[in-house]
Amino acid sequence: MRYSSSSVDIDKEIEAITDLATTAKDEMDFAEESRNSVYYNDDKQTAHEAVDEMTNSYNSLLDRLSESDRKAVETRIGMKIKEIQSAYEIMTLNDLED
């Protein structure tokens, strides 16, 4: 099913955001693997930047859409975005416990 909202190619934007989500997840995995090493803080910072980029791109897309298109996008990828954001928050909270 193809989505469009005036001048926004929603499918293309979703594909780009999905790629950013994959990168964010990978960076979080790298950070977790490096926990308790000298590389952890840098890896966590890279993960943070990747999660921010994904979140900003997702929010930017939602801001440019009609209400009905926004709901369709949220249905398609909203849960994945929230899962990655939550996983990053958990990773950060684990730092406070260490």
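Just so it is clear, the model here is predicted, and its values are computed rather than measured.

### Considerations on the overall build of the chain
Here is step 1: For the chain, the helix and strand inventory stands at three helices and zero strands.
Here is step 2: Mapped in sequence order, the helices and strands of the chain form the string α-α-α.
Here is step 3: Expressed along its principal axes, the backbone C-alpha trace of the chain runs to roughly 50 × 20 × 20 Å.
Here is step 4: Evaluated residue by residue, the chain yields a buried proportion of 35% over its 98 residues.
Here is step 5: Just so you have it, the chain exposes about 6300 Å², and 49% of that area is on carbon and sulfur atoms.
Here is step 6: Averaging the positions of the 11 positive and the 24 negative side-chain charges in the chain gives two centres separated by 7 Å.

### A closer look at helix H2 (residues 40-63)
Here is step 1: Along its 24 residues, H2 runs 34 Å from first to last C-alpha, staying within 8% of the 34 Å computed at 1.5 Å per residue.
Here is step 2: Taken as a whole, H2 has its buried residues at Tyr40, Lys44, Ala47, Ala50, Val51, Met54, Thr55, Tyr58, Leu61 and Leu62.

### Comments concerning the packing of helix H1 (residues 10-33) against H2
Here is step 1: Where H1 meets H2, the closest approach of the two axes is 8 Å, and the angle between their N-to-C directions is 160°. In this view, H1 runs roughly antiparallel relative to H2, as classed from their interaxial angle. You can see that H1 and H2 cross each other, and the crossing is left-handed. Here Glu13, Ile14, Ile17, Leu20, Ala21, Ala24, Glu27, Met28, Phe30 and Ala31 of H1 lie close against H2, whose contacting residues are Tyr40, Asp43, Lys44, Thr46, Ala47, Ala50, Val51, Glu53, Met54, Ser57, Tyr58 and Leu61.

### Some remarks on the pattern of salt bridges
Here is step 1: Tallying each qualifying case throughout the model produces eight salt bridges.
Here is step 2: In this structure, Asp95 and Arg35 form a salt bridge, with 2.8 Å as the shortest nitrogen-oxygen distance. Of the two residues, Asp95 is situated in helix H3 (residues 67-97) and Arg35 in the loop between H1 and H2; the sequence distance between them amounts to 60 residues.
Here is step 3: One continuous salt-bridge network, built from bridges that share partners, spans Glu32, Arg35, Lys44 and Asp95.

### Quick look at H1
Here is step 1: Between the first and last C-alpha of H1 there are 34 Å, a value that for 24 residues agrees with the 34 Å anticipated at 1.5 Å per step.
Here is step 2: Those residues of H1 that fall on the buried side of the exposure criterion are Ile10, Asp11, Ile14, Ile17, Leu20, Ala21, Ala24, Glu27, Met28 and Ala31.
Here is step 3: Of the surrounding secondary structure, the elements contacted by the buried residues of H1 are H2 and H3.

What counts and what doesn't
- Residues numbered from 1 in each chain as written.
- Predicted model: local features only at pLDDT ≥ 70, side-chain atom pairs only at ≥ 80, totals over all residues.
- Heavy atoms only, no water.
- Helix = DSSP H or I, 4+ residues; strand = E, 2+ residues; numbered from the N terminus.
- Buried < 20%, exposed > 50% of the residue type's maximum accessible area, 1.4 Å probe, protein only.
- Areas by Shrake-Rupley, 256 points an atom, 1.4 Å probe, with all protein chains shown as cover.
- Lys, Arg positive; Asp, Glu negative; His and termini not counted.
- Charge placed at Lys NZ, Arg CZ, Asp CG, Glu CD.
- Expected span 1.5 Å × (residues − 1).
- Axes fitted to C-alpha atoms, helices over the stretch in contact; angles between N-to-C directions.
- Parallel < 35°, antiparallel > 145°, perpendicular 65-115°, else oblique.
- Left-handed = near helix turned anticlockwise from the far one by under 90°.
- Contact = heavy atoms within 4.5 Å.
- Salt bridge = Lys/Arg side-chain N within 4 Å of Asp/Glu carboxyl O.

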